Each structure stands twice: as structure tokens, then as C-alpha cells.
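# A look at the structure
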Amino acid sequence: MLETSEVADVTIVGAGPVGLFGAFYAGMRQMTVRVIDSLPQPGGQLMALYPEKYIYDMPGFKRVLAKELAGNLLEQATQFGAELHMNHKALELNRLPDGELELVTQSWAFRSKTLILAAGAGAFSPIRLSVPGIAELEGNGVSYHVQDVNRLIGKRVLVIGGGDSAVDWCRTLAEAGAVVTLIHRRDVFKAHEESVDWLLNRSGLPVQLWTEVANATKGDSGIEITLLENRTRTLQTLVVDEIVCALGFKADIGPIKSWGIELDGSRLPVDRYMRTNLEGVYAAGDIASYEGKLDLIATGVGEICTAVYHARTHIDPTSRFKQVHSSNMF
Ligand SMILES: Cc1cc2nc3c(=O)[nH]c(=O)nc-3n(C[C@H](O)[C@H](O)[C@H](O)COP(=O)(O)OP(=O)(O)OC[C@H]3O[C@@H](n4cnc5c(N)ncnc54)[C@H](O)[C@@H]3O)c2cc1C
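Residues numbered from 1 in each chain as written. Predicted model: local features only at pLDDT ≥ 70, side-chain atom pairs only at ≥ 80, totals over all residues. Heavy atoms only, no water.

### Some details on the packing of aromatic side chains
- For the coordinates displayed, the defined rule picks out four aromatic pairs.
- For the pair tyrosine 54 and tyrosine 56, a centre-to-centre distance of 6.4 Å together with 50 degrees between the ring planes defines the contact as tilted.
- On the basis of relative accessible area, tyrosine 56 is assigned to the partly exposed category, the value being 24%.
- Geometrically, the ring pair formed by tryptophan 108 and phenylalanine 110 is stacked, given 5.5 Å between the ring centres and 5 degrees between the ring planes.
- Here tryptophan 108 falls in the partly exposed class, since its relative accessible area comes to 25%.
- Residue phenylalanine 110 is classed as buried on the basis of its relative accessible area of 0%.
- Feature note: the residues Phe21, Phe24 and Phe80 constitute an aromatic cluster, connected by ring pairs.
- Sitting over the ring of tyrosine 54, arginine 63 keeps its end group 3.8 Å from the ring centre.
- Here arginine 128 stacks its cationic end above the ring of tyrosine 144, 5.0 Å away from the centre of that ring. (Phe/Tyr/Trp six-rings, centres within 6.5 Å; stacked < 30°, edge-to-face > 60°. Buried < 20%, exposed > 50% of the residue type's maximum accessible area, 1.4 Å probe, protein only. Lys NZ or Arg CZ within 6 Å of the ring centre and 35° of its normal.)

### Let's talk about the packing of helix α1 (residues 17–28) against helix α7 (residues 297–315)
- Contact geometry for α1 and α7: axes closest at 9 Å, N-to-C directions at 40 degrees. In this structure, α1 meets α7 at a crossing whose hand is right-handed. Here Pro17, Val18, Gly19, Phe21, Gly22, Tyr25 and Ala26 of α1 come into contact with α7, specifically with Ile297, Gly300, Val301, Ile304, Cys305 and Val308.
- Its residues assigned to classes, the contact of α1 with α7 comprises 10 nonpolar, three polar and no charged. (Axes fitted to C-alpha atoms, helices over the stretch in contact; angles between N-to-C directions. Helix = DSSP H or I, 4+ residues; strand = E, 2+ residues; numbered from the N terminus. Left-handed = near helix turned anticlockwise from the far one by under 90°. Contact = heavy atoms within 4.5 Å. Nonpolar A, V, L, I, M, F, W, Y, C, P; charged D, E, K, R; others polar.)

### What to know about the sheet that holds strand β10 (residues 142–143)
- The sheet built from five strands is open, its strands ordered β10-β17-β11-β12-β13 with parallel pairing. Two strands close off the open sheet at either side, each with one partner strand: β10 and β13 (207–208).
- Pairing geometry for β10 and strand β17 (residues 242–245), over two bridges, is parallel. Looking at the pairing, valine 142 lines up with isoleucine 243 of β17. (Pairing = 2+ DSSP bridges.)

### Structural notes on the layout of surface pockets
- Here the second largest pocket is characterised by a volume of approximately 170 Å³.
- The wall of the second largest pocket is formed by Phe21, Met58, Pro59, Phe61, Leu69, Asn72, Leu73, Gln76, Ile297, Ala298 and Val301.
- Looking at the lining of the second largest pocket, the elements with two or more residues in it are α3 (66–77) and α7.
- Tallying contributions element by element places α3 first for the lining of the second largest pocket, with four residues. (1 Å grid on protein atoms, 1.4 Å probe; cavity = no way out; pocket = protein on both sides within 12 Å on 5 of 7 lines; lining within 4 Å. Points joined across faces, edges and corners; volume = space filled by probe spheres on them.)

### Regarding the pairing of strand β8 (residues 108–117)
- Across the 10 residues of β8, seven count as buried, placing the element largely inside the fold.
- In terms of strand pairing, strand β1 (residues 3–13) meets β8 through eight bridges, oriented parallel. Directly across from isoleucine 12, in β8, lies its bridge partner isoleucine 116.
- With four bridges connecting them, strand β7 (residues 101–104) and β8 associate as antiparallel partners. Bridge pairing in β8 places leucine 103 opposite phenylalanine 110.
- Taken together, β7 and the strand that follows it, β8, pair antiparallel across an intervening segment of three residues.

Here you go:
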């Protein structure tokens with residue numbers, strides 16, 4: 001038997017950075033808000049995938065550790081009384097006869113007038129490196145994100161990849177005192193230009209392009225890796241203490257796919273008001289899809305302000321005329 005909640009103005013699915021900022025912004029608009037998340041701790045990808053990584057593209061911060069940003073967002077999110085329901089996976093969405101929405105988890109039916117989906121990439125898992133020896137070493141020298149940077153101080157670390165997370169890991173680990181090498185299978189990076197410039201021109205780190213791991217085994221002096229130069233097919237050996245694979249993530253939004261919301265793969269197309277095709281249902285952050293979309297925290301928090309604003313107007317059309325700047329709230 002499910003417990004049934006009071007009707008809130010808005011339910012936000014996802015306590016990642018975007019959902020947390022949305023809870024804050026809904027509080028600013030004096031909306032009653034609850035946030036639900038399937039994970040035990042708030043912070044989304046910041047806490048689940050890269051708590052120890054620095055983020056360099058956050059307004060107001062030269063750089064900030066992901067776990068610190070998540071803590072700040074949580075404090076900001078809850079100041080107006082937003083309810084947080086962790087360990088609740090959104091399973092079903094029903095429209096009640098009076099038009100209200102009912103979001104069903106394992107044990108609760110959460111009712112609200114509007115819904116904002118900030119479910120990110122859904123349940124995420126890293127793209128694994130599929131070469132001989134790597135699977136056997138996972139958790140014992142091979143990892144897909146770094147849980148504890150301090151453990152790698154003074155250690156020889158091979159970072160694999162060409163995106164932002166690979167380059168950011170190089171920077172975080174090198175600054176912490178690890179001895180870092182990066183390999184990338186191409187000569188084009190997906191990371192931000194400034195990060196690539198730092199890596200190639202200012203970091204002084206060894207970077208090997210057109211290079212892949214052919215195999216890896218644990219020996220007496222560390223992990224012995226055979227590296228393949230993929231144009232000349234030449235082989236070389238590298239010995240390290242740790243391999244950090246930063247090859248990206250695959251995502252699955254799971255039950256949300258069966259709610260009748262229009263899909264774009266694992267994303268939800270939105271209009272310029274951040275509305276999905278379902279009335280009263282909005283999307284923001286990584287899960288929202290539109291032409292030219294960037295998957296960044298800075299983009300997502302802007303999107304959810306738009307979603308909250310229009311959810312508020314959906315509930316009360318006269319509210320659009322009210323002042324929405326922050327200076328008269330405190
Ligand atoms: C390694 C790495 C490094 C990155 N570095 C940066 C960076 O430096 N700067 C930057 O701007 N961005 C960075 N990003 C991207 C950034 O993390 C994402 O853009 C951001 O997390 C998106 O926030 P979100 O709140 O939309 O989604 P998420 O952070 O994914 O949070 C979504 C939440 O929804 C929950 N959820 C999903 N489905 C359900 C469900 N059915 N029921 C209940 N809860 C559900 C999930 O558990 C999760 O907690 C990085 C990403 C990665 C992987």
C-alpha cells in the first residue's frame with residue numbers, strides 16, 4: 001500500500017545540481033517543492049561520479065571541488081523548506097481526474113500540480129575499456145573515476161581519454177602530486193580549448209596521441225601496459241600504479257521512457273519554455289534536449305530557472321507579472 005503525499009506545487013525528479021538549484025529557485029518563487037532521487041545522497045553526477053574532481057567552469061568560482069559544489073547546492077536548495085526524498089526511484093507517472101500529477105515510487109505516491117524532470121542521464125555507468133587484462137584489474141588498479149585523490153599522490157597514473165573528464169583528471173591528479181601520463185587514441189580532443197591548451201602546452205605532462213592500450217597485467221613493479229601506436233602499429237611498454245579510464249558514460253533513463261513523454265533517444269525534447277509534450281511536465285539539465293544543447297551544470301541551472309518560472313505561471317497565470325529578482329527575498 002502506497003503512502004500518499006500532500007499536493008505540492010512542483011515535484012522535481014533528480015537531486016543533481018540542476019534539480020537542487022531548481023528547488024532553490026522554486027522556493028524563491030514561494031512554491032512548495034519536493035525533490036526525489038533514487039540515489040542515497042544528493043549531488044547527482046557530482047557525488048556519484050567525480051566528487052574529487054575540480055570544476056573550472058562554474059560562475060563565481062575559479063575552481064571548485066565537485067563535492068563542495070554539491071554541498072553548497074544542497075544548503076542553498078533546502079533554505080526555503082524544500083522536501084528531499086532520497087532512495088525514491090520515480091517509477092510511474094499518472095494524471096489524476098482533477099488534472100494533478102501523481103509520481104509513484106516504490107513506497108509513495110507524490111502528488112503535485114507540476115513536475116520537472118531533472119533526471120540527468122538517468123542511471124549512469126561508465127563506458128568500459130574492453131582490452132585483455134583490464135576487466136580483471138577493475139577496482140585493483142583500474143578505475144573509471146577517482147574516489148580518493150590523496151591515495152594517488154606520488155603514484156604513476158595513466159589517464160586514458162580525450163574529453164573534459166580525462167583532461168580535468170590529469171590536472172587534478174598532477175596538481176595533487178601524482179605522476180600523470182595521458183594517452184588518447186586520436187589527435188582531436190573533445191575537452192574545452194583552454195583545458196587542451198593547458199594539457200598540451202603548459203602542463204609538461206607526457207601526452208601520447210594515436211595511442212591505445214593493447215593489454216595490461218599486474219607485475220612486481222606495477223601494472224605493465226602494452227601501448228599500441230594505432231597508425232604505425234608499434235608497441236611500447238609502460239608501467240604505472242593506476243589506470244584511470246575516462247572514456248565517457250552511457251545512460252538509461254529507465255522507467256521515464258514508458259510515461260508517454262516524447263523521446264529523443266534517452267533525452268526529452270523541450271520547447272523554449274522547457275515544456276515537454278505532457279501538460280505541466282517540464283525538463284531541464286542533461287535530460288532535456290533541443291538543438292545546440294550543451295551538457296554543462298551552468299546550462300542546466302539556467303534551464304531549470306526557466307522551467308520553474310513557467311511551471312509557476314502554469315499554476316497561476318497572473319504570476320508572470322511578479323518581480324522575480326532575488327534582492328527582495330532576504
Ligand atoms: C566525469 C565528468 C566530469 C564532468 N565535469 C563537468 C565540469 O567540469 N563542468 C560541468 O559543467 N559539467 C561537468 N560534467 C557534466 C555535469 O556533471 C552534468 O552536466 C550535470 O551533472 C547534469 O546535472 P543534472 O542535475 O541534469 O543531472 P545529474 O547530475 O545526472 O543528476 C540527475 C539525478 O537524477 C536521478 N535520477 C535519474 N533517474 C531517476 C529516477 N527515475 N528516479 C529518481 N531519481 C532519478 C539520478 O540518481 C541523479 O542523482 C561532467 C560529467 C562527468 C561525467
